[in-house]
Number of protein chains: 2
Amino acid sequence: MIETKSRILDTAERLFAERGFSATSLRRIIAEAGVNLAAVHYHFRSKQALLDAVMLRRLEPVNRERLAMLDAAEAAAGGGPLELEAVLAALIAPPLRLRQEPAYATFMKLMGRVLAEGDLGTMRKHFGIVVERFLGAVARALPDLPREELLWRAHFCVGCLAHTLLHKATEMFAATGEVTTESLVAFLAAGFRAAAPVNLRKHA
Amino acid sequence: MIETKSRILDTAERLFAERGFSATSLRRIIAEAGVNLAAVHYHFRSKQALLDAVMLRRLEPVNRERLAMLDAAEAAAGGGPLELEAVLAALIAPPLRLRQEPAYATFMKLMGRVLAEGDLGTMRKHFGIVVERFLGAVARALPDLPREELLWRAHFCVGCLAHTLLHKATEMFAATGEVTTESLVAFLAAGFRAAAPVNLRKHA
DNA sequence: GTCTATAACTTGATAGAC
DNA sequence: GTCTATCAAGTTATAGAC
């Protein structure tokens, strides 16, 4: 069945997202997918390669949409300064929008997990270009922000996004409804625009 | 040896922090600690109980210091409004300060991991009181912020802190040096103070 | 308290029939 | 492509000698 491969991918995606990679066994995956254990190794060779396949299947569209929005923001700015909110929206709106679609909902949680706990190698492999482009764009939107402070704020920004993708706010707090791109962008934009602490200004 | 128990705790703390709970086997722990496998079960009964012991040993001082700083901030405010920066510093300064101490450095990474990927039960068990106290304090510092927006921003805040504790900024970005409490507080305070997006104001 | 030995089970991976 | 059967290794946990 051609369906077998998709069933494995779907089930692995869900279990990896909900329980993490190490805590998920192949036998659990094949039990819930209703397929044979050997089929996993036939289609994907190894557990690690299965995770890579799960990531590859859905990540490319997300990052492509991000870069397209960033291109649009840069085009709109012409030679002038970039608008910070537009840059942040390009980073955040695609994953938040796509997670409304059933096909992408669980993947976005997995993406949050990888962002939150991923090692450096995985990070660079999947998000290298995105990180570079967005660092440049934020620097162009905030030319007066000291470099070190920019890097830390980018780090905080990744933490916010990872946590938001991995967890619904309702899990720990009593928030209702869905988080909006506007909320997250407003929060992060204000953070990026905050006056740099005095102990860092000397490095500017 | 009375040292055996500490050696197990120290090594488990480090490996859980660096590689995660599921990805760390007891055999790896006892190999690096130079102790016998049975000693783990003698002293801690099970792997899960070992993790609980690792958490309990160091978490209480962190949360105690946080609540003491929050008490001080509330006392300083008298009946007036709380200062947002003081509230955030009470949440953030204790873990960032303690991670400079060798005895607490790796534990703070583990705490970041638990904050980032912990399930709801673990969360409430270890941070329930802290979350409640700080939610109330931020609400008192920002009485005009709509409740829903406050909860989401608290959620973002946890994500920032978790990511900062779990990862050095140098891992993904090229930031040098250590992150400061001032940097993180300035970023978060500005985010909390941002104007609430219009699509939420109607719920105020 | 610490050890050896081992139970009882799960893991990722593969060989080979169909 | 899919199956059964199995391997080799690793897993948590325990019993019992010292």
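All of these numbers come straight from a predicted model, not from anything done at the bench.

(A) Geometry of the overall build of chain A. Per the secondary structure count, chain A includes eleven helices and zero strands. Its helices and strands taken in sequence order, chain A reads α-α-α-α-α-α-α-α-α-α-α from the N to the C terminus. Its C-alpha atoms give chain A principal-axis dimensions of roughly 60 × 40 × 30 Å. Split into buried and exposed, the 204 residues of chain A put 54% on the buried side. For chain A, the proportion of contacts with a sequence separation of at least 24, taken over those separated by at least 6, is 76%. Surface accessibility of chain A: about 9,000 Å² in total, with carbon and sulfur atoms responsible for 58%.

(B) Up close: the relation of the copies chain A and chain B. Of the transformation superimposing chain A on chain B, the axial component is 0.0 Å and the angular component is 180 degrees, with the fit at an RMSD of 0.1 Å. Interpreted geometrically, this transformation is the action of a two-fold axis. Both copies contact each other with a shared surface, as 100% of the interface residues of chain A are interface residues in chain B too.

(C) Summary view of the interface of chain A and chain B. At the interface, 53 residues of chain A touch 53 residues of chain B. For the chain A and chain B pair, buried surface summed over both sides reaches about 4,400 Å², with 70% attributable to carbon and sulfur atoms. Ranking the residues of chain A by area buried against chain B places His155(A), Phe156(A) and Phe187(A) at the top, with a combined share of 17%. Along the contact surface separating chain A from chain B lie zero salt bridges.

(D) The side chain of Asn63(B), seen in detail. Residues and elements named next belong to chain B. With respect to the helices, strands and loops of the structure, asparagine 63 is situated in helix 4 (residues 47-77). Under the relative-accessibility criterion, asparagine 63 is labelled buried at 9%. Here histidine 126 takes part through its backbone oxygen, which lies 3.1 Å from a polar atom of the side chain of asparagine 63. When residues no more than four places from it in sequence are discounted, the contact partners of asparagine 63 are His126, Phe127 and Val130.

(E) Just the packing of helix 2 (residues 26-33) of chain A against helix 3 (residues 37-44) of chain A, in detail. All names here are of chain A. Running from amino to carboxyl end, helix 2 crosses helix 3 at an angle of 105 degrees, the nearest separation of the two axes being 9 Å. Considering the angle they form, helix 2 stands roughly perpendicular to helix 3. The segment helix 2 lies against helix 3, with Leu26, Arg27 and Ile30 engaging Leu37, Val40 and His41. Within the contact of helix 2 with helix 3, the residues separate by chemical class into four nonpolar, one polar and one charged.

(F) Expanded view of the pattern of salt bridges. Overall, the coordinates contain 34 salt bridges over all chains when judged by the stated rule. Here Arg97(B) makes a salt bridge to Glu65(B), at a shortest N to O gap of 2.8 Å. Separated by 32 residues along the polypeptide, Arg97(B) in helix 5 (residues 84-98) and Glu65(B) in helix 4 bring together distant segments of the chain. Through salt bridges with shared partners, a single ionic network connects Asp10(A), Glu13(A), Arg57(A) and Arg58(A).

What counts and how
Residues numbered from 1 in each chain as written. Chains lettered and ligands numbered in written order. Predicted model: local features only at pLDDT ≥ 70, side-chain atom pairs only at ≥ 80, totals over all residues. Heavy atoms only, no water. Helix = DSSP H or I, 4+ residues; strand = E, 2+ residues; numbered from the N terminus. Buried < 20%, exposed > 50% of the residue type's maximum accessible area, 1.4 Å probe, protein only. Contact = heavy atoms within 4.5 Å. Areas by Shrake-Rupley, 256 points an atom, 1.4 Å probe, with all protein chains shown as cover. Least-squares fit on C-alpha atoms with pLDDT ≥ 70 in both. Buried area = accessible area lost by both parts, 1.4 Å probe. Salt bridge = Lys/Arg side-chain N within 4 Å of Asp/Glu carboxyl O. Polar contact = N/O pair within 3.5 Å; in protein donor to acceptor, adjacent residues only side chain to side chain. Axes fitted to C-alpha atoms, helices over the stretch in contact; angles between N-to-C directions. Parallel < 35°, antiparallel > 145°, perpendicular 65-115°, else oblique. Nonpolar A, V, L, I, M, F, W, Y, C, P; charged D, E, K, R; others polar.

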